[in-house]
Amino acid sequence: MKTAEIKLNVTLDDSNVPDSIDWSSTDGETSDQMPAKAMFLALWDAQYKNSLRIDLWTKDMPYDEMKRFFYETLQTLGDSFLRASGGDPMAEKVIGDLRDYCAHFGDKMEVLEQES
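Structure report, in brief. (Residues numbered from 1 in each chain as written. Predicted model: local features only at pLDDT ≥ 70, side-chain atom pairs only at ≥ 80, totals over all residues. Heavy atoms only, no water.)

Structural notes on unusual backbone geometry
Positive phi is not limited to glycine here, since K49 has a value of about 55°. Residue placement: K49 occurs in the loop between β4 (38-45) and β5 (50-57). Residue K49 is classed as exposed on the basis of its relative accessible area, which comes to 58%. If you check the backbone angles, E110 has positive phi at about 60° while not being a glycine. Residue position: E110 is located in the segment after α2 (89-108). (Helix = DSSP H or I, 4+ residues; strand = E, 2+ residues; numbered from the N terminus. Buried < 20%, exposed > 50% of the residue type's maximum accessible area, 1.4 Å probe, protein only.)

Details of a nonpolar patch on the surface
A cluster of nonpolar side chains, I6, L8, W23 and M34, forms an exposed patch at the surface whose accessible area comes to about 390 Å². Note on W23: relative accessible area 37%, which makes it partly exposed. (Patch = residues over 30% accessible without salt bridge, like charges linked within 9 Å, V, L, I, M, F, W, Y side chains within 5 Å. Areas by Shrake-Rupley, 256 points an atom, 1.4 Å probe, with all protein chains shown as cover. Salt bridge = Lys/Arg side-chain N within 4 Å of Asp/Glu carboxyl O.)

Focus: the side chain of Q75
Looking at the secondary structure, you find Q75 in helix α1 (residues 63-85). Side chain to side chain, Q75 and R99 meet in a polar contact 2.9 Å long. The residues contacting Q75, other than those within four sequence positions of it, are R99 and C102. (Polar contact = N/O pair within 3.5 Å; in protein donor to acceptor, adjacent residues only side chain to side chain. Contact = heavy atoms within 4.5 Å.)

Concerning the pairing of β5
Taken together, the 8 bridges between β4 and β5 define a ladder with antiparallel strand orientation. Residue pairing across strands places A42 opposite R53, the latter belonging to β5. Hairpin remark: β4 followed by β5, antiparallel, with 4 residues in the connecting loop; positive phi at K49, about 55°. (Pairing = 2+ DSSP bridges.)

A few points about the packing of aromatic side chains
Here a ring pair, both rings aromatic, is described through the centre-centre distance and the interplanar angle of the planes. On inspection of all chains with the given rule, the structure shows 3 aromatic pairs. With centroids separated by 4.6 Å and ring planes inclined at 20°, the aromatic side chains of F40 and F69 adopt a geometry described as stacked. Pair noted here: F40 is in strand β4 and F69 is in helix α1, with a separation of 29 residues, a long-range link. F40 gets classed as partly exposed once you look at its relative accessible area, which sits at 30%. Ring geometry for Y101 against F105: centres 6.2 Å apart, planes inclined by 45°, an arrangement best described as tilted. Here Y101 pairs with F105, and both are found in helix α2, just 4 residues apart, close to one helical turn. Classification of F105 as buried rests on a relative accessible area of 15%. (Phe/Tyr/Trp six-rings, centres within 6.5 Å; stacked < 30°, edge-to-face > 60°.)

Quick notes on the packing of α1 against α2
Orientation of α1 relative to α2, taken along the N-to-C sense of each, is 175°, at an axis distance of 10 Å. For the element pair α1 / α2, the angle class is roughly antiparallel. Along the contact surface, α1 presents K67, F70, Y71, L74, Q75, G78, D79, F81, L82 and S85, while α2 presents A91, E92, I95, L98, R99, Y101, C102, F105 and G106. The residue inventory of the contact of α1 with α2, partitioned by class, reads 11 nonpolar, 4 polar and 4 charged. (Axes fitted to C-alpha atoms, helices over the stretch in contact; angles between N-to-C directions. Parallel < 35°, antiparallel > 145°, perpendicular 65-115°, else oblique. Nonpolar A, V, L, I, M, F, W, Y, C, P; charged D, E, K, R; others polar.)

Overview of the sheet that holds strand β2 (residues 18-25)
The 3 strands are arranged β1-β2-β3 in an open sheet whose pairing can be described as antiparallel. Both outer strands of the open sheet, β1 (6-12) and β3 (34-36), are each paired with one neighbouring strand and no more. Put simply, the sheet's adjacent strands are angled 30° from each other on average, direction ignored. Note: β2 against β3, 3 bridges, orientation antiparallel. The residue bridging W23 from the neighbouring strand is M34, located in β3.

Below, the structure written as structure tokens:
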């Protein structure tokens, strides 16, 4: 069995606001520390049947990039759910609704215009 390790390093200022976020993985293209401006980490606690989350962003994360980050995260959550559903037709319908909402979100937040 293969094992991979993902490391996160967060540097905080005196007010505990992230100055920098760096990550590395033993299973990536490189094991070098890579910078990131924001992250969402979600884990499932099977014992308590709830999610555990860490949402962080650096103080220099531009608002326009944050909007795009949320938009892309919503889109990829739909992709992940479809893969996990194993072809459930109801999942296809529900994710269609999520895609519609993503289009609405992208339009209202002016994210989609930035793609052109």
